[in-house]
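Now for the letters of each chain:
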Amino acid sequence: MRITGLRATPVAVPFTEDEIWAFGGRRGMVSILLEVDTDEGVVGLGEAAAYPSADIVLAVLRSIEPLVLGESPFDIERIMKRVNIIGTWHHVKATSPAIAAVEMACWDIVGKVSGQPLVNLFGGRVRDEVEYFYYLSHKPASDMAGDAAEGYAEGFRTFYIKVGSGEPTHDIERVEAIRSATGPDAKIRVDANEAWSAAATIRIVGEMERFGLELVEQPVSGRNLAEMAYVRSRINTPLLANEASWTRYDQLELIKAGAADVVSVDNQMDGGLLNLKRGAGMCEVAGLPVLKHSLGELGVAAYAGVHVMASTPNFIHANQGYGSFLSDDVVGGAGPLAYVNGCLSVPEGPGIGVELDRERVGRYAELYEREAADFSFHESEKIAGTPLMPKR
């Protein structure tokens, strides 16, 4: 069996409401769906987040296509070595989602040909379902409390908010409102996206901790591991690395520096599902739990990740996802994805276990063609301004 073609389709799927964070907002998600054709008629599905843009993902796919055509989809390690070394793509992290989509599609082909779901190819199940957080959009405290109550009623138990706003007291008020709305058993995770200095982190997290925090995600720069280790030693809440842990090479340095309690891992940022498994395994050796980061995923990428997480023991925290935002999806039978009590079940079918809904793919491909610009971060004030970091 040989790979004969790569077919990429950008799609734009609306959110039920805008995603708002400290540096802007967007009305929906853009993903690039990838179909890898073979000379035996088996087609593998992959998906890349439009990171940092759809144009870059599409350009990377065009660039690596000569390195992939004619190869066996079973030779995943060989294909990735060709892309990374001969193609020299291993130096630039922004190319990773496109490369990861090719790798994902190859795994889908391997699973389909062997008649096995990916979870079996990645070691077998340690869990039957994978938990996700409930993402709360940036709003006034009272509105955010109402959203949290809705998520709690749907069965979610971990609530995630972006912090790092211009006025820290507003973030503290939001945490308090979420705690009041969800009760004592819910977990609250805050993500500053590197917006704070070490001093600000210690002060602000110290004030938030009276309401109970599960994790504090990347409060300071991910490029300064010594600062992260210092902050970790001065707060009571576990520190979650994200911008510091995008690839397994970053994760190795993070472990050596003792700079985090929990590590965020991501197949799209690290070039593939196999690297996701590798990074999680390295963290397990170091005694660290992991959770999956998301650049934004539709059903193909979401369920591909589910297979790996279900087969890997140290995914013990709720993972990132857009279940609270997406109005629809592009895989058959799911629009939006079928979260039950905040969890997605492992698909039973071979490969990733999903098929594309052609009608919806066509609809959202047309929406991308017409209105792609509206799906990027769009607040004119934020675009015109100069972000300052750290903020305090």
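Described below are features of the structure shown in this document. (Residues numbered from 1 in each chain as written. Predicted model: local features only at pLDDT ≥ 70, side-chain atom pairs only at ≥ 80, totals over all residues. Heavy atoms only, no water.)

The subject of this paragraph is the overall build of the chain. The helix and strand tally for the chain stands at 13 helices and 12 strands. What you see for the chain is a C-alpha radius of gyration of 20 Å, in line with the 21 Å of a compact globule of 392 residues. By its C-alpha atoms, the chain is 60 × 45 × 40 Å across when sized along the principal axes. Per-residue burial over the chain gives 58% buried out of 392 residues. A sequence separation of at least 24 residues applies to 75% of the contacts in the chain between residues at least 6 apart. Total accessible area on the chain is roughly 15000 Å²; 52% of this is exposed by carbon and sulfur atoms. For the chain, the distance from the average site of its 36 positive side-chain charges to the average site of its 54 negative ones is 4 Å. (Helix = DSSP H or I, 4+ residues; strand = E, 2+ residues; numbered from the N terminus. Rg over C-alpha atoms; globule rule 2.2 N^0.38 Å. Buried < 20%, exposed > 50% of the residue type's maximum accessible area, 1.4 Å probe, protein only. Contact = heavy atoms within 4.5 Å. Areas by Shrake-Rupley, 256 points an atom, 1.4 Å probe, with all protein chains shown as cover. Lys, Arg positive; Asp, Glu negative; His and termini not counted. Charge placed at Lys NZ, Arg CZ, Asp CG, Glu CD.)

Take the nonpolar core next. In terms of nonpolar packing, the biggest core is built from 120 residues, with Val190, Trp196, Met208, Met228 and Leu254 touching the most fellow members. Broken down by element, this core gets its largest block of residues, 10 residues, from helix 3 (residues 96-114). Beyond its immediate chain neighbours, meaning those up to four positions away, methionine 228 contacts Gln218, Val220, Ser221, Gly222, Leu239, Ala241, Ala244, Leu254 and Ala259. (Core = buried A, V, L, I, M, F, W, Y, C linked by side-chain atoms within 4.5 Å.)

Bringing the packing of aromatic side chains into the picture now. Here the structure, examined in full by the defined rule, presents 14 aromatic pairs. On the basis of an interplanar angle of 50° and a centroid distance of 4.6 Å, the ring pair of tryptophan 107 and phenylalanine 122 is categorised as tilted. Of this pair, tryptophan 107 sits in helix 3 while phenylalanine 122 is found in the loop between helix 4 (118-121) and strand 4 (129-131), placing the two residues 15 residues apart along the sequence. Here tryptophan 107 matches phenylalanine 122 in class, with each residue buried. Within the aromatic cluster, the residues linked to one another by ring pairs are Phe15, Phe133, Tyr135, Tyr160, Tyr322 and Phe325. Seen from the ring of tyrosine 152, arginine 157 lies directly overhead, with NZ or CZ sitting 3.6 Å from the centre. (Phe/Tyr/Trp six-rings, centres within 6.5 Å; stacked < 30°, edge-to-face > 60°. Lys NZ or Arg CZ within 6 Å of the ring centre and 35° of its normal.)

So, about the packing of helix 7 (residues 198-208) against helix 8 (residues 225-234). Two measures define how a pair of helices packs: the angle their axes make with one another and the distance between the axes. Direction vectors running N to C along helix 7 and helix 8 enclose 25°, while the axes themselves pass 10 Å from each other. Between helix 7 and helix 8, the angle falls in the class roughly parallel. Helix-helix and strand crossings are classified by hand; for helix 7 and helix 8 the assignment is right-handed. Residue-level contacts link Ala198, Thr201 and Ile202 of helix 7 to Glu227, Tyr230, Val231 and Arg234 of helix 8. In the contact of helix 7 with helix 8, the residues fall into four nonpolar, one polar and two charged. (Axes fitted to C-alpha atoms, helices over the stretch in contact; angles between N-to-C directions. Parallel < 35°, antiparallel > 145°, perpendicular 65-115°, else oblique. Left-handed = near helix turned anticlockwise from the far one by under 90°. Nonpolar A, V, L, I, M, F, W, Y, C, P; charged D, E, K, R; others polar.)

Our next topic: the sheet that holds strand 1 (residues 3-21). Strand pairing within a sheet occurs via backbone hydrogen bonds; the two strands may be parallel or antiparallel. Strand order across the open sheet formed by three strands is 1-2-3, with antiparallel pairing between neighbours. The open sheet has two edge strands with one neighbour each: strand 1 and strand 3 (44-49). Neighbour-to-neighbour, the strand axes of this sheet turn through a mean angle of 20°, independent of strand direction. Contacts between helix 3 and the sheet are confined to strand 1, strand 2 (24-38) and strand 3, with strand 3 contributing the most and set at about 160° to the helix. (Pairing = 2+ DSSP bridges.)

Oppositely charged side chains may form a pair once their charged atoms are brought near each other. All chains considered together, the criterion is met by 29 salt bridges. In this structure, arginine 125 engages aspartate 128 in a salt bridge whose closest nitrogen and oxygen atoms are separated by 3.1 Å. The salt bridge involving lysine 162 is made with aspartate 191; its shortest N-O contact spans 3.3 Å. Placement of lysine 162 in strand 6 (residues 158-162) and of aspartate 191 in strand 7 (residues 187-191) is noted, with a sequence separation of 29 residues between them. For the pair shown, lysine 162 and aspartate 191 are each scored as buried. Put simply, Asp328, Asp357, Glu359, Arg360 and Arg363 are held in one network by salt bridges that share partners. (Salt bridge = Lys/Arg side-chain N within 4 Å of Asp/Glu carboxyl O.)

Taken in spatial order, the seven strands line up as 5-6-7-8-9-10-11 in an open sheet, and their pairing is parallel. Of all the strands in the sheet, the pair left with one neighbour each is strand 5 (134-136) and strand 11 (290-292). The average undirected angle you get between the axes of adjacent strands in this sheet is 25°. Sheet topology note: the strand 5/strand 6 ladder contains three bridges and is parallel. In the sheet register, tyrosine 135 faces strand 6, and the bridge partner there is tyrosine 160.

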